[in-house]
Every structure is written in C-alpha cells, then in structure tokens.
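Descriptive analysis of the structure
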Amino acid sequence: MDAAGRAVVLETGRLRMRAWRVAEAGVQRELWTERDPRVPPHRRIDAQGRPTVGDLEDSIRDDEFWSTGLLAVERKATKDVIGYCGLFDGGRGTPEEPDLAFELLRRVWGQGYATEAARAVLEWARASGYERLWATVWDWNVASRRVLAKVGFTETARTVVDAERGTTLFTTIRL
C-alpha cells in the first residue's frame, strides 16, 4: 500500500507489478524449489516438504507482506507471474531505509526482467520519498550482483561471512 492506503501497482513496458493472488501460490512454491542449495535452510523446502502450496496460499491470504511489500511480477504479454520484486524491512537501517528484493523463475533469467522490475521499484521508492535503500546479495550470486549494479547500488565494506553459505554483501543506493 502506498501512503494513502492504495494498492501499489507498478508498470513498465513489459511488466506489471501488483499484490499476489492466492491462486499464484504455485509460482512461489516453484521459486522455493529452484533456490540454490547454499541459500539458508529457512528459505528452502524442508524435509517435510514445507512450505506447501497450501502454506503459501495461507501466507498470501493472511500476510500483508505479499500485498504491500514484495509484489508479484507479471509479464503483460502473457499474463503469467514470473517472480517478485519490492521493498521490505530488512532491519539494516531504519523503516525509512528498506531493502530491495527480487527473485524470478529460472526460465526467465537473462531477459532483463529483474533489472526492469528493480528500476520500477526504485522509481516508485524515489517518488514515495525514500532517500536510501539497501539490498543484500550472496557473493556467489553474480547475476543478482550485476542487476544491483545496473540499477545503481554500490557494494559497501559491510559483509557477513558464513563458511558454509558464502559471504553476504551489503549494497546501498541513495535516491
């Protein structure tokens, strides 16, 4: 929601970003199944197969996060949801300095959608009065690092090293 309580809908030439629909939980489940094994366990499918599509449906239905934070990225031409992009409170700064996050289905990687979606979110953030955003990225996630650099994020000296998963890099942008 924006400051006036209206649902956020962002559009680019090829994309529309909007609140998730319960029927799209399968797309979220697919994102979970595609994650790199170095991603922390709480962000991957667990031994019991959770989250299930039903769990994700409940999350979309009950959690404001999916209607106001991480927006569904839909291709206009085909009307299919290919991932998410948006802002959330990652605890790196203040609520006035949220994090940018994006994740797209592997089948659409390399087509410029992540950069296009991120630019639209940055434009919306700037127009909404945000002055600074953050984003974290694993050092091994070269494609996401490239997207962040393309849209103007710079890597800071701040990192968190995890011997098993790699190094988390902190990036920021002044709007």
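See the structure shown above.
Sequence order as written defines the numbering, with residues in each chain counted from 1. A pLDDT threshold of at least 70 governs which residues receive local features in this predicted model, and a stricter bar of 80 or more applies before side-chain atom pairs are shown or counted, although totals over entire chains, interfaces and linings include all residues. The basis for the side-chain values is all heavy atoms of the structure; hydrogens and waters are excluded.

This brings us to unusual backbone geometry. Geometrically, the link from R50 to P51 is a cis peptide bond, its omega value of 5 degrees lying close to zero. Within the chain, K79 stands out as a residue other than glycine whose phi angle is a positive 60 degrees. Only DSSP runs of H or I with at least four residues qualify as helices, and only runs of E with at least two residues qualify as strands; both kinds are numbered from the N terminus onward. Positionally, K79 belongs in the loop between β3 (70–75) and β4 (81–88).

Counting through the fold element by element, L133 comes out in strand β6 (residues 132–138). Placed 63 residues apart in sequence, L133 and L70 show a C-alpha to C-alpha distance of 14 Å. Those residues in contact with L133 that sit more than four places away from it in its chain are L87, P98, L122, A125, F153, T171, T172, I173 and L175. Contacts between residues were defined by any pair of non-hydrogen atoms, one from each residue, lying within 4.5 Å.

Definition used for salt bridges: Asp or Glu carboxyl oxygen within 4 Å of a side-chain nitrogen of Lys or Arg. Inspection of every chain in the model, using the stated rule, returns 18 salt bridges. Of the charged contacts in the structure, one is a salt bridge between R35 and E103, with a shortest N-O distance of 2.7 Å. Of the two residues, R35 is situated in the loop between α1 (25–34) and α2 (53–62) and E103 in strand β5 (residues 99–104); the sequence distance between them amounts to 68 residues. By the burial criterion, R35 is buried, and E103 matches it. Residues joined by salt bridges that share partners form a network here, namely R18, R21, E24 and E74. Per-residue accessibility, obtained with a 1.4 Å probe over protein chains only, is compared with the maximum for each type, and a residue is labelled buried under 20%, exposed over 50%, and partly exposed between these values.

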